[in-house]
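Coordinate inspection notes
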Amino acid sequence: MIVAELKPFSEIEEMIKGKQHLLLVGCATCTAICFASGNREVSLLDSQLKLKSLMKSKEVFTSERMLKRSCEHEFVEELGSFIEKSEAILSLSCGVGVQTIADCFPEIEVYPALNTLFIGRPDESGVWKEYCQACTDCLLHLTAGICPIARCAKGLLNGPCGGSQEGKCEVSPDIPCAWQLIYDRLETRGELHLLDEIKKPKDWSKKNLPGRVIREDLLLR
Amino acid sequence: MKTSSYLKTNLKERRDPPCRVACPIKTDVRRYVSFIAQGEFEEALKTIRETNPFPAVCGRICARPCESACRRGEVEEPIAIAGLKRFVADYVKNSIFPAPPIKYREKVAVVGSGPAGLACAYDLRMLGYEVTLYEAESSLGGMLRLGVPSYRLPRPVLEREVEEILGIGIEVKLNSPLNSSLSLEALLDEFHAIFIAVGAHQNLKLGIEGESLKGVLDGVRFLRKVNLGEEVEIGKKVAIVGGGNTAVDAARTALRVGAESAFLLYRRSKEEMPASKEEIKKAEEEGVNFNLLTSPLRILGEKKVEGIECIKMDLEAPDESGRRRAVPREGSEFVLPVDTVIVAIGHALDPSFLHGKIEVKKGLIQVDPETMMTSRLGVFAGGDAVTGPSNVIEAIAAGKRAALSIHSYLRGINLSSLLRTEKPLESLSFSLKEKLKKKPRELIPTLSLEERLKSFSEVELGYSKENAVKEAQRCMNCGSYAEVLSDLCIGCLTCVRVCPYQIPRVNEGGIAEINSRDCQGCGICVAECPARAIVLPSFPDHGVTVEVKKILQKNKEREFQIVGFFCTFNSYASLDSLQGIKIPCLGKLSIYQILKPFHLKADAVFLVGCGNNNCHFIHGNSRVFRRVEYVKKILNDLGVGGERLEIWNIDDPRGEVYQEKYEEVKGRLRGLGPSPLKACEVGMS
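Residues numbered from 1 in each chain as written. Chains lettered and ligands numbered in written order. Predicted model: local features only at pLDDT ≥ 70, side-chain atom pairs only at ≥ 80, totals over all residues.

Brief notes about the overall build of chain B
Of the regular secondary structure elements, chain B holds 26 helices and 26 strands. Dimensions of chain B, computed from the C-alpha atoms along their principal axes, are close to 100 × 60 × 55 Å. Here chain B, with 685 residues, has 48% of them falling under the buried criterion. Taking all contacts inside chain B whose residues are at least 6 apart in sequence as the whole, residues at least 24 apart take part in 71%. (Helix = DSSP H or I, 4+ residues; strand = E, 2+ residues; numbered from the N terminus. Buried ≥ 20, exposed ≤ 12 C-beta atoms within 10 Å, placed from the backbone. Contact = placed C-beta atoms within 7 Å.)

Rendered as structure tokens:
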């Protein structure tokens, strides 16, 4: 899932400066699951905005909406009837969602309430970690299902490096060395021979920027 | 999504706690026990009195079907529901009720002032009918006064309760038996409906040789004499025949009026005895000898009783109805040398006063089981006279049902529309039982054995306030489970992860489901769900807001407005000195609920957990500690100041530590000054 977190309140405050009528828009997909954009966090941000406005004796009028997915225009267009009274939209979603809302309603200011962080997963309740860098050329079949691009600090294709100490990365003792993990798992499986072949540098030309996918069979035009 | 799981998540049919379903009068047990757990004793008594005009009586002698159904009993022992009822009935002194207005012109006569008659009269009067109560004896109470020994039900307790019932405006005619001078016809001329609840006061006979010898006593009459303070002639060695409450009462009473030994003869084993288990246990403690699997053959003696010849019995394997037939064991006859025999094998109605005006079969008045109407239009009957000897709660239930039926008869309302249908929660699943904390029952203190046998003083002494609160805190609040709003659920698994009991699961459709049978209603998932897709109907969001507003209003004139939240499951829960909002585990408090008082311009908020790593819901207390840290950060970011929010765990039965802490908060506020929100002019809803 896409992992995001709420921006510091002071940043949000700065963004919305001067705006009195705000529409807070949450997203019920990835970023809701990582406690950044669900109903609960939208209400909580709303509650903080109101507390702050009380302190400044400057009333703020907010309304809350929740979108099924902020990254698809059909869902985003549902906001149409709610934006009339708003001076700006505060979007709690990943960067894709913010852009989709801005594309759908170019006449209104759309502010990101979240910082989009990475593609990852919760390792335990309250802890999310990065697991994929969307490199476009997956090699997990060669690395025992452990991604060295995302999980090795150097993104080495042939590891480990000399900085691997007792299974930990030299960058931080909290980070396990991805290449140690790969080695250990291959060893259990009896597939250490997969490490014999030196992996050639990745063909980064495959990663077009901006990335795009076209499926001719699905086109409607 | 499959249809079956769709239905499961969309049908919101709530189940009732088994205690309430088991209660013949559907007392809201969970509600009043929860009031006791919070130290709200008056509210608890009010709740009981909504259905039961006899809290002090039932608190002592109820057959307690609620306790048999209590799901806490599946974990270790059921909640001592009757003991708790007795505690509030005795503790709350002020329970006078004003007489309701007479709403209807129809008048009703109730014949018999036992629990059935009094309950019926009470309910009819509460409904707005004018009621006249006829009693054959010179005092009220029926079997409660004549049958139940005073060591189980002290007479001042009964009298107070009867007075309270009459206090709502019921006319009483004592010494007025139905007979030739007061006939059913005469009553029917004056009243629009009659309820007959005359009880069953005629002792059944054994039908064996020697039953007419001097020294053979009739159980009902024996108890009645003792209860009325009359002289009874009793020997030194007494045999009591029977296994019901009358037999056990007679045996224990015999030991109190001079018998040296009492032998209770019963044809089956102890398990089959209809008497209450608690009473059997107390009889054993007091030295009653139980001659089980024993049946009397004849009573021996010339003119007076010299012994009783008995035979040992064997129990056959259970038949289709599950009943085990007792058969005599050949050659096992023996003689028990006794000088008194008390026959207590049952009692029935003496139907002679009815003069055949109403259908009676085998000593029981025949009624329509739905409406309780007899063969005579407008004449209803209930209680022991209809069912044979039963117990107080069944009698009260009969009286109440008759009152409703009479109301429906007089007003032409459909009776079934007045009755509540219920569906009990299933028993706890095996895996859940293992996870629940074991909390043994608080013992109800009793009089010492020596004291008991010397007098008719009440044997059970009742709970102290502290013990009652502790006992009530064991209640699992069955049926106050959380529900998923499937439209909002995002299937994020948070509930699955945070539940201390591993109850929720996410179905094939990606929607969370919470099993109503096992959910303990701790509210942790409700507070943590990122989609706000779980609700706990017993703890709505707005409930906390209302309480916060009340406190702030109350403290308006004080130096500072401080809002406290307390865990109900705490040693100090019943202290009157605590000013704050009682929460049945702080784990229910969400981040916004903690923030709410600040919105309403409170200067400080504190939470007091249960302490001692003893959370009723395992993780509730630790969850709220983390939430408080999060809210402190928010308050700092906003410039309100995280130091205005505090949480402590204190185990403090006398509230002293609490007072110190409270002063500490005040001291800190003097340094911090009032809430920065106070300066603003914008209102906040």
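Having seen the model, we can carry on.
With respect to the overall build of chain A
The secondary structure content of chain A amounts to 8 helices and 9 strands. When its C-alpha atoms are laid out on the principal axes, chain A stretches across 65 × 50 × 25 Å. Here chain A, with 221 residues, has 31% of them falling under the buried criterion. Put simply, 54% of the contacts in chain A that link residues at least 6 apart link residues at least 24 apart.

Observations regarding the packing of helix H3 (residues 29–37) of chain B against helix H4 (residues 41–51) of chain B
Residue and element names in this part refer to chain B. Running from N to C, H3 and H4 point in directions that differ by 170°, and their axes come no closer than 8 Å. As the angle between them shows, H3 and H4 are arranged roughly antiparallel. The hand of the H3/H4 crossing is left-handed. Across from Arg-31, Tyr-32, Phe-35 and Ile-36 in H3, the residues of H4 making contact are Phe-41, Glu-43, Ala-44, Thr-47 and Ile-48. A class-by-class count of the residues in the contact of H3 with H4 yields 6 nonpolar, 1 polar and 2 charged. (Axes fitted to C-alpha atoms, helices over the stretch in contact; angles between N-to-C directions. Parallel < 35°, antiparallel > 145°, perpendicular 65-115°, else oblique. Left-handed = near helix turned anticlockwise from the far one by under 90°. Nonpolar A, V, L, I, M, F, W, Y, C, P; charged D, E, K, R; others polar.)

Notes on the confidence of the model for chain B
All names here are of chain B. Within chain B, residue pLDDT values average 90, and 96% of them lie at 70 or more. Note on residues 1–11: pLDDT under 50 across the span, and 12 contacts to partners over four residues away in sequence or across chains. Interface confidence in the predicted complex, given as ipTM, is 0.91; pTM for the same model is 0.87. (pLDDT = per-residue confidence, 0-100.)

Some points on the interface of chain A and chain B
With 23 residues of chain A in contact, the opposing surface of chain B contributes 25 residues. Those elements that place two or more of their residues in the side of chain A that touches chain B are helix H1 (9–15), helix H2 (30–33) and helix H3 (39–55) of chain A. Ranked by residues supplied to the side of chain A that touches chain B, first place goes to H3(A) with 13 residues. Split into classes, the residues belonging to the side of chain A that touches chain B amount to 9 nonpolar, 9 polar and 5 charged.

Remarks on the sheet that holds strand S5 (residues 109–112) of chain A
Residue and element names in this part refer to chain A. Strand order in the open sheet formed by 4 strands is S3-S2-S4-S5, and the pairing between neighbours is parallel. Single-partner strands in this sheet number two, and they are strand S3 (61–67) and S5. This sheet shows a mean twist of 25° between the axes of neighbouring strands, independent of strand direction. Of the pairings in the sheet, the one linking strand S2 (residues 21–27) to strand S4 (residues 88–91) comprises 4 bridges and is parallel in character. Across the sheet, residue Val-25 finds its bridge partner in S4, namely Ser-91. In this fold H3 packs onto S2 and S3, with an angle of close to 170° to the strand it touches most, S3. (Pairing = 2+ DSSP bridges.)

Some remarks on the domain arrangement of chain B
All names here are of chain B. For chain B, the assigned domains are domain 1 (3–12 + 479–535), domain 2 (18–95 + 428–472), domain 3 (107–201 + 349–418), domain 4 (222–346) and domain 5 (541–679). The C-alpha centroid of domain 2 is placed 32 Å from the C-alpha centroid of domain 1. Listed per partner, the contact involves 4 residues of domain 1 and 5 residues of domain 2. Taken together, the residues that form the side of domain 1 that touches domain 2 break down as 1 nonpolar, 1 polar and 2 charged. (Domains from an automatic or database assignment.)

Observations concerning helix H20 (residues 465–472) of chain B
Restricting attention to buried positions, one finds in H20(B) the residues B:Ala468, B:Val469, B:Lys470, B:Glu471 and B:Ala472. Buried residues along H20(B) sit in contact with H3 and helix H8 (81–91) of chain B.

Concerning the pairing of strand S9 (residues 172–176) of chain A
All names here are of chain A. The buried fraction of S9 amounts to 0 of the 5 residues, a small share that puts the element mostly on the outside. Where strand S8 (residues 168–169) meets S9, 2 bridges bridge the pair, whose relative direction is antiparallel. Within the sheet, the bridge partner assigned to Lys-168 lies in S9 and is Pro-176.

Thoughts on the domain arrangement of chain A
Assigned domains within chain A: domain 1 (2–118) and domain 2 (135–200). For domain 1 of chain A versus domain 2 of chain A, the distance between C-alpha centres works out to 39 Å.

What to know about the environment of B:Pro18
All names here are of chain B. Looking at the secondary structure, you find Pro-18 in helix H2 (residues 18–22). Judged by C-beta crowding, with 25 C-beta atoms within 10 Å, Pro-18 ranks as buried. For the pair formed by Pro-18 and Gly-59, sequence separation is 41 residues and the distance between their alpha carbons is 19 Å. Sequence-distant contacts of Pro-18, defined by excluding residues within four places in its chain, comprise Ala-69, Cys-70, Arg-71, Pro-424, Leu-425 and Cys-478.

Concerning the sheet that holds strand S2 (residues 130–134) of chain B
Residues and elements named next belong to chain B. With parallel pairing, 5 strands are arranged side by side in an open sheet as S3-S2-S1-S4-S18. Edge positions in the sheet fall to strand S3 (171–173) and strand S18 (379–381), since each of these pairs with one other strand and no more. Averaged over all pairs of adjacent strands, the angle between their axes in this sheet comes to 20°, without regard to strand direction. Two strands pair when backbone bridges link them, and S2 and S3 are joined in this way by 3 bridges, in the parallel orientation. Within S3, the position partnered with Tyr-134 by the bridge is Lys-173.

Re the packing of H3(B) against H8(B)
Residue and element names in this part refer to chain B. In contact at an axis separation of 11 Å, H3 and H8 are set at 60° when each is read in the N-to-C sense. Relative to H8, H3 is oriented oblique. Crossing of H3 over H8 shows left-handed handedness. Each of Val-29, Val-33 and Ile-36 in H3 lies in contact with H8, whose residues at this interface are Ile-81, Leu-84 and Val-88. Along the lines of polarity and charge, the residues of the contact of H3 with H8 split into 6 nonpolar, no polar and no charged.

Considering the pairing of S5(A)
Of the two faces of S5(A), the one lined by A:Val110 and A:Pro112 is fully buried and the one lined by A:Glu109 and A:Tyr111 carries no buried residue. Once you follow S4(A) into helix H6 (residues 95–104) of chain A and on to S5(A), the crossover reads as right-handed. (Right-handed = clockwise from strand over helix to strand, strands pointing away.)

Quick look at the environment of B:Leu404
Residue and element names in this part refer to chain B. Relative to the helices and strands, Leu-404 resides in helix H17 (residues 392–411). Taking the C-beta count within 10 Å as the criterion, Leu-404 has 19 such neighbours and is therefore assigned partly exposed. Here Leu-404 is in contact with Leu-415 and Leu-418, once residues within four sequence places are set aside.

What about H17(B)?
All names here are of chain B. Helix length check: H17, at 20 residues, gives a terminal C-alpha distance of 28 Å against a target of 28 Å (1.5 Å per residue), a fit within 8%. Of all 20 residues in H17, 16 are buried, a share of seventy percent or more. Where H17 ends, the next residue or the one after it, Gly-412, has phi of about 70°, a positive value. (Expected span 1.5 Å × (residues − 1).)

Considering unusual backbone geometry
Cis geometry is found at the peptide bond from A:Gly159 to A:Pro160, where omega equals -5°. With respect to the helices and strands, the residue A:Pro160 is situated in the loop between helix H7 (148–151) and S8. Backbone geometry places B:Lys26, a non-glycine residue, at a positive phi of 55°. With respect to the helices and strands, B:Lys26 occurs in the loop between H2 and H3.

Brief notes about the environment of B:Val108
Residue and element names in this part refer to chain B. Along the polypeptide, Val-108 turns up in strand S1 (residues 107–111). For Val-108, a count of 27 C-beta atoms within 10 Å gives the class buried. Along the primary structure Val-108 and His-407 are separated by 299 residues, whereas in three dimensions their C-alpha atoms are 9.9 Å apart. Not counting the four nearest positions on each side in its chain, Val-108 is found in contact with Leu-124, Tyr-129, Val-131, Phe-191, His-192, Ala-193, Phe-195 and Ile-406.

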